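Reading the structure
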Amino acid sequence: MVRIDDVSKVYRTGGEQVRALDGVTLEVGAGEFTAVQGPSGCGKTTLLLAVGGLLEPDHGRVLVDDEDVYALPLERRAQFRALKIGFVFQQFHLVPYLSVRDNVLAPTLALPCAGVDAHARVDALLEKFKLTSRAAHTPGELSTGERQRVALARAMLHEPRVILADEPTGNLDEINAATVLGALADFAEDGGTVLLVTHDSAAASEADRIIRIDGGRLVDDRDEGSRQDGQAAG
């Protein structure tokens, strides 16, 4: 699970301050698929990077699987991140000169697969994402949808507890977007935690819960809906 307690982050550039996150508190439990929706520049990516142990907040705590991420020493934090968290980005971040198989295997460079045959695990993931016939190809030989499926397979190699997805359907057509979102939903149904950030209402609608972000602050749609119902009743 993921718990964010009163997290703030301020960027300082040229004497100016931009408050990207402003006292954000959020919990996403095991088996939950939550989308955070908002326009560019609203703090979505900053939130995801903070949860992923890649950007330390100025204030507040981030807990993943009951571990205080930023209380860990840097090396231990990197190992924890590799083991517990899978990342899926809009731009894929595949290594261009590696094959599909080696891209999916890449996380083992930082952390070996414990107790399992990594190559067998890769084979299963390539089959799951219909990439077996593309295993020897490089990213430049793949379609956009195939590249994102490779990135998703890579994210799942270590069987993480959490997947963080930053606009994962932003470059995809409707069919490939449905494939990616379906895989994220399946991961949550199997007990994982998914936090998706997106500006796309269609992508967000596939989540179990939608939270909107505005000016670095979160507004839970369910809370907003309850307030509107109460106002209507009054």
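What comes next is a walk through the structure. Nothing here was measured: the structure is a model prediction, and the numbers come from that model.

In this section: the overall build of the protein. Counting its regular elements, the protein contains eight helices and ten strands. Relative to the globule expectation of 17 Å for 234 residues, the C-alpha radius of gyration of the protein, 18 Å, shows essentially globular dimensions. In terms of overall dimensions, the protein has a C-alpha envelope of 60 × 40 × 35 Å along the principal axes. Counting only residues that meet the buried cut, the protein has 48% of its 234 residues in that class. Accessible surface computed for the protein: about 11500 Å², of which carbon and sulfur atoms make up 48%. Here the protein holds 24 positive side-chain charges and 36 negative ones, and the gap between their average locations is 3 Å.

An order of E2-E1-E4-E5 is seen for the four strands of this open sheet, with the pairing classed as antiparallel. On the outer flanks of this sheet lie strand E2 (16-28) and strand E5 (67-68), each paired with one strand and no other. By the bridge criterion, two bridges tie strand E4 (residues 59-64) to E5 in an arrangement that is antiparallel. From the neighbouring strand, valine 64 faces E5, where its bridge partner is glutamate 67.

Inspection of the secondary structure assignment puts valine 197 in strand E8 (residues 193-198). Residues valine 197 and arginine 147, spaced 50 residues apart in sequence, show a C-alpha to C-alpha distance of 19 Å. In this view, valine 197 contacts Val36, Lys44, Leu48, Ala165, Asp166, Glu167 and Pro168; residues no more than four positions away in its chain are not counted.

Turning our eyes to something else, we now look at the nonpolar core. If you look at the biggest cluster of nonpolar residues, it comprises 40 residues, and the most contacted ones within it are Phe33, Phe129, Leu152 and Leu184. Only strand E3 (33-37), helix H3 (100-105), helix H4 (118-128), helix H5 (144-156), strand E7 (162-166), helix H6 (174-189), E8 and helix H7 (201-204) provide two or more residues apiece to this core. Of all the elements, H6 adds the most residues to this core, at seven residues. In this view, leucine 152 contacts Val88, Phe129, Val180, Ala183 and Leu184; residues no more than four positions away in its chain are not counted. Among the nonpolar cores identified, the runner-up in size contains 28 residues, and Val28, Phe87, Phe89 and Val197 belong to it.

Further remarks concern the side chain of threonine 46. Relative to the assigned elements, threonine 46 resides in helix H1 (residues 44-51). Setting aside anything within four residues of it in sequence, one finds threonine 46 in contact with Lys9, Tyr11, Ala20, Leu21 and Leu55.

The next subject is the environment of leucine 126. If you trace the backbone, leucine 126 turns up in helix H4. For leucine 126, a relative accessible area of 2% corresponds to the buried category. As a C-alpha pair, leucine 126 and arginine 209 span 83 residues in sequence and 29 Å in three-dimensional space. Those residues in contact with leucine 126 that sit more than four places away from it in its chain are Val100, Arg101, Val104, Leu131, Thr132 and Ala135.

Rules of the game
- Residues numbered from 1 in each chain as written.
- Predicted model: local features only at pLDDT ≥ 70, side-chain atom pairs only at ≥ 80, totals over all residues.
- Heavy atoms only, no water.
- Helix = DSSP H or I, 4+ residues; strand = E, 2+ residues; numbered from the N terminus.
- Rg over C-alpha atoms; globule rule 2.2 N^0.38 Å.
- Buried < 20%, exposed > 50% of the residue type's maximum accessible area, 1.4 Å probe, protein only.
- Areas by Shrake-Rupley, 256 points an atom, 1.4 Å probe, with all protein chains shown as cover.
- Lys, Arg positive; Asp, Glu negative; His and termini not counted.
- Charge placed at Lys NZ, Arg CZ, Asp CG, Glu CD.
- Pairing = 2+ DSSP bridges.
- Contact = heavy atoms within 4.5 Å.
- Core = buried A, V, L, I, M, F, W, Y, C linked by side-chain atoms within 4.5 Å.

Keep in mind these numbers describe shape, not what the thing actually does.
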